[in-house]
Amino acid sequence: MLRMLCGATLFGIAMTMAVPSVMAATATANMTVRITIQAQCLIQSANNLDFGTNGVITSNIDQATTIGVQCTSGQTYNVGLSAGAGAGATTAVRVMTGPGNATINYAIYSDTNRTQTWGTTIGTDTVAGTGNGAVQNINVYGRVPPQTTPAAGVYTDTVAVTVTY
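Residues numbered from 1 in each chain as written. Predicted model: local features only at pLDDT ≥ 70, side-chain atom pairs only at ≥ 80, totals over all residues. Heavy atoms only, no water.

*Asks:* What's the story with the sheet that holds strand 2 (residues 61–71) in this structure? I'm lost.
*Replies:* Hydrogen bonds between backbone atoms are what pair the strands of a sheet, whose relative direction is either parallel or antiparallel. Taken together, five strands build an open sheet; the order of strands is 1-2-7-5-4 and the sheet is antiparallel. The open sheet has two free edges, formed respectively by strand 1 (41–46) and strand 4 (94–97), since each of these has just one partner strand. Each strand of the sheet is rotated relative to its neighbour by a mean of 35°, with strand direction disregarded. (Pairing = 2+ DSSP bridges. Helix = DSSP H or I, 4+ residues; strand = E, 2+ residues; numbered from the N terminus. Axes fitted to C-alpha atoms, helices over the stretch in contact; angles between N-to-C directions.)

Written as structure tokens, this is what we have:
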């Protein structure tokens, strides 16, 4: 038995010596990883301006909402609001249309005091900002002024939101 173990050991040693040793070799290099960020702005949200349910319009009905704009960091931008789709609307007097083409006038402002009408002329009646890479919520202030109240029903308008950068 001892002879068998010695023979097996010698055979194992011989096999180890007979197999050439394998040396590990390595080579290295570097690769460039890159991305190019271009100036961009997105409108992430344009929440509805809902004046709620009302009866006779004898006093101002005020509401507010937000528009979420996201721009690359440092990118300047302007947000404009169209006059809307109501017949004869302007940015000073917008028009919601309801049953039988009846209308309700309203206005959209960029300030809480509702003195700065929000329109589409950059440098005059838009809202300017500078992007920080995250969504920036911009307040929108609406008002339905006292007026002759039309028939009951739902009155709507669609205002286009544009961000220029």
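Resuming the write-up.
*Asks:* Help me understand the nonpolar core in this model?
*Replies:* Nonpolar side chains in soluble globular proteins tend to be buried together. Grouped together as the largest cluster of nonpolar side chains are 22 residues, with contacts concentrated most on Val69, Tyr77, Val79, Trp118 and Val144. Elements that contribute at least two residues to this core include exactly strand 2, strand 3 (76–81), strand 5 (103–109) and strand 7 (135–144). Among the elements that line this core, the one with the most residues is strand 2, at four residues. Setting aside its immediate chain neighbours within four residues, Val69 contacts Leu42, Tyr77, Val79, Ala134, Val135, Gln136, Ile138 and Val163. (Core = buried A, V, L, I, M, F, W, Y, C linked by side-chain atoms within 4.5 Å. Buried < 20%, exposed > 50% of the residue type's maximum accessible area, 1.4 Å probe, protein only. Contact = heavy atoms within 4.5 Å.)

*Asks:* What should I look at first to understand the sheet that holds strand 8 (residues 161–164) in this one?
*Replies:* Pairing is antiparallel across the open sheet formed by three strands, whose spatial order is 6-3-8. Looking along the sheet, the strands with just one partner apiece sit at the ends: strand 6 (127–130) and strand 8. The mean inter-strand angle of the sheet, taken between neighbouring strand axes irrespective of direction, is 25°.

*Asks:* It is not clear to me how the state of the cysteines should be interpreted in this structure. Could you clarify?
*Replies:* Note on terminology: disulfide describes a covalent bond linking the sulfur atoms of two cysteines. Scanning the model with the defined rule gives one disulfide in all. Here Cys41 engages in a disulfide with Cys71; their sulfurs sit 2.0 Å apart. Measuring the twist about the S-S bond at about 120°, one finds the Cys41-Cys71 disulfide to be right-handed. Linking Cys41 in strand 1 with Cys71 in strand 2, this pair joins segments that are 30 residues apart in sequence. Side by side, Cys41 and Cys71 carry an identical accessibility label, which is buried. (Disulfide = S-S within 2.5 Å.)

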